[in-house]
Amino acid sequence: METTQLPDEIKPVMENGVPAEVSSCSADGIPNTTIISQVYYVDREHVALSFQFFNKTVRNVRENPNASVLLNDPYGYACWILQVRYDHSETEGPIFDQMDMQIEAIASATGMTGIFKLKAADIYRVDSVRKVTLKRPSTDRS
Amino acid sequence: MIPEVIVLFLDRAIVAIAGTRDERLVPHVHRVSGWRCSPDRKTITCLIPEEFTAHLVSSLEDNGQFSLTVCEVPSHETYQFKGEYVSSRPSNEGDVADFEICRRRFAERVASLFGFPKEACAAFVPEPSIAVTFEVREVFVQTPGPAAGRRLVPREE
């Protein structure tokens, strides 16, 4: 089922510490895919992605705001696919501070202290949300 | 041509995610359940589950642009491959071995590192429904750190 607003059940998925994936696209049409440490729930219509390095995703969304985000929920056997559009960046304030704190915790837990450092919270408007329910594999094949 | 050291990396990596974009320049993300490099090291075939094929073939047939990011954990060593669509076909018996190897490697590694049940981890590598082959034009370092974004193939001057 596809919706245009983030449901409540997606909030814990964004807080589970499992990396997410993002695809963006340059103005000349080259897709770029990357793994990110955090997607932050702002409100029902917005998420924030961490801007830690001045990378291709950051450059792409400033020339073509469209992006696709894949969230992973290992507890619910599901993924969520969000189509989003870059809106603006925040380098201070409550969203930035909260993300900065969570990034430091993730960095510490994954041995990446000193490498993960939040430069900005990039705020995106959510265009669509789709839940993908995964089948539990039988144990003899896992 | 993909350097041999990168081919060896593909044999130990555990996560792969693909990207396409449609005619409106809207990108789409696709989970990948298996991958293999061709013997001539020019193409990679990605096995993609049905659940993640929305916009996949239509985008590839529209413009042919494909990106693939592959990661190894716990090192976080990551590379991104970009290139042009060559072909796609329904996945077949010949793909099963690649899929099973990738799923087992992912489930065992993630379960041991993060403490999730192995069964839950394996669910994130669903059986593939389609095999997409693309010709690799560029390879980039994407390991978090100062070298991220550096192009390996063709080598930056």
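### Comments concerning the overall build of chain B
- A tally of helices and strands in chain B yields 4 helices and 8 strands.
- Listing every helix and strand of chain B by position from the N terminus yields α-β-β-β-β-α-β-β-α-α-β-β.
- Taken against the 2.2 N^0.38 rule, which gives 15 Å for 157 residues, the C-alpha radius of gyration of chain B at 15 Å falls within 12% of a compact globule.
- Looking at chain B as a whole, 45% of its 157 residues are labelled buried.
- Here the analysis covers contacts within chain B between residues at least 6 apart in sequence; of these, 67% occur between residues at least 24 apart.

### Some details on the overall build of chain A
- Across its full length, chain A carries 3 helices and 8 strands.
- Counting helices and strands in the order they occur from the N terminus, chain A gives β-α-β-β-β-β-α-β-β-α-β.
- In terms of overall size, chain A behaves like a compact globule, its C-alpha atoms giving a radius of gyration of 15 Å where 142 residues would be expected to give roughly 14 Å.
- For chain A, the spread of C-alpha atoms along the three principal axes comes to 45 × 35 × 30 Å.
- Among the 142 residues that make up chain A, the fraction classed as buried is 42%.

### Some thoughts on the pairing of strand 4 (residues 39-43) of chain A
Residue and element names in this part refer to chain A.
- Bridging between strand 4 and strand 5 (residues 46-51) involves 4 bridges; their strand directions are antiparallel. Across the sheet, residue valine 39 finds its bridge partner in strand 5, namely leucine 49.
- The hairpin formed by strand 4 and strand 5 contains 2 residues between the paired strands.

### Examining the interface of chain A and chain B
- In this complex, chain A contributes 36 residues to the contact, which on the side of chain B involves 37 residues.
- Put simply, the parts of the chain that give the side of chain A that touches chain B at least two residues each are strand 2 (20-25), strand 3 (31-36), strand 6 (66-73) and strand 7 (78-90) of chain A.
- Along the lines of polarity and charge, the residues of the side of chain A that touches chain B split into 18 nonpolar, 14 polar and 4 charged.

### A few points about the environment of Thr133(B)
Residue and element names in this part refer to chain B.
- You can see threonine 133 is positioned in strand 7 (residues 128-141).
- Assessed through the 17 C-beta atoms surrounding it within 10 Å, threonine 133 is described here as partly exposed.
- Spatially, the C-alpha atoms of threonine 133 and serine 88 are 6.2 Å apart, while their sequence positions differ by 45 residues.
- With residues near it in sequence (within four places) discarded, threonine 133 still touches Thr43, Thr45, Val86 and Ser87.

### Some remarks on helix 2 (residues 56-63) of chain B
Residues and elements named next belong to chain B.
- Within the span of helix 2, buried status applies to Leu56, Ser59 and Leu60. Taken down its axis, helix 2 places every buried residue within 95° of arc, on the same side.
- Contact partners of the buried residues in helix 2: strand 1 (15-21), strand 2 (27-31), strand 4 (43-49), strand 5 (65-71), strand 6 (78-90) and strand 7.

### Here we look at the nonpolar core
- Among the nonpolar cores identified, the biggest contains 74 residues, and Val47(A), Val69(A), Leu71(A), Ala16(B), Val32(B), Cys46(B) and Leu68(B) are the most heavily contacted of them.
- Setting aside anything within four residues of it in sequence, one finds Leu68(B) in contact with Thr33(A), Ala16(B), Ala18(B), Val32(B), Ile44(B), Cys46(B), Gln80(B) and Phe81(B).

### A closer look at helix 2 (residues 56-63) of chain A
All names here are of chain A.
- Those residues of helix 2 that fall on the buried side of the exposure criterion are Lys56, Thr57, Asn60 and Val61. Projected down its long axis, helix 2 carries its buried residues within an arc of 120°, all on one side.
- Residues of helix 2 that are buried sit in contact with strand 2, strand 3, strand 6 and strand 7.

What counts and how
Residues numbered from 1 in each chain as written. Chains lettered and ligands numbered in written order. Predicted model: local features only at pLDDT ≥ 70, side-chain atom pairs only at ≥ 80, totals over all residues. Helix = DSSP H or I, 4+ residues; strand = E, 2+ residues; numbered from the N terminus. Rg over C-alpha atoms; globule rule 2.2 N^0.38 Å. Buried ≥ 20, exposed ≤ 12 C-beta atoms within 10 Å, placed from the backbone. Contact = placed C-beta atoms within 7 Å. Pairing = 2+ DSSP bridges. Nonpolar A, V, L, I, M, F, W, Y, C, P; charged D, E, K, R; others polar. Arc of directions from axis to C-beta. Core = buried A, V, L, I, M, F, W, Y, C linked by C-beta atoms within 7 Å.

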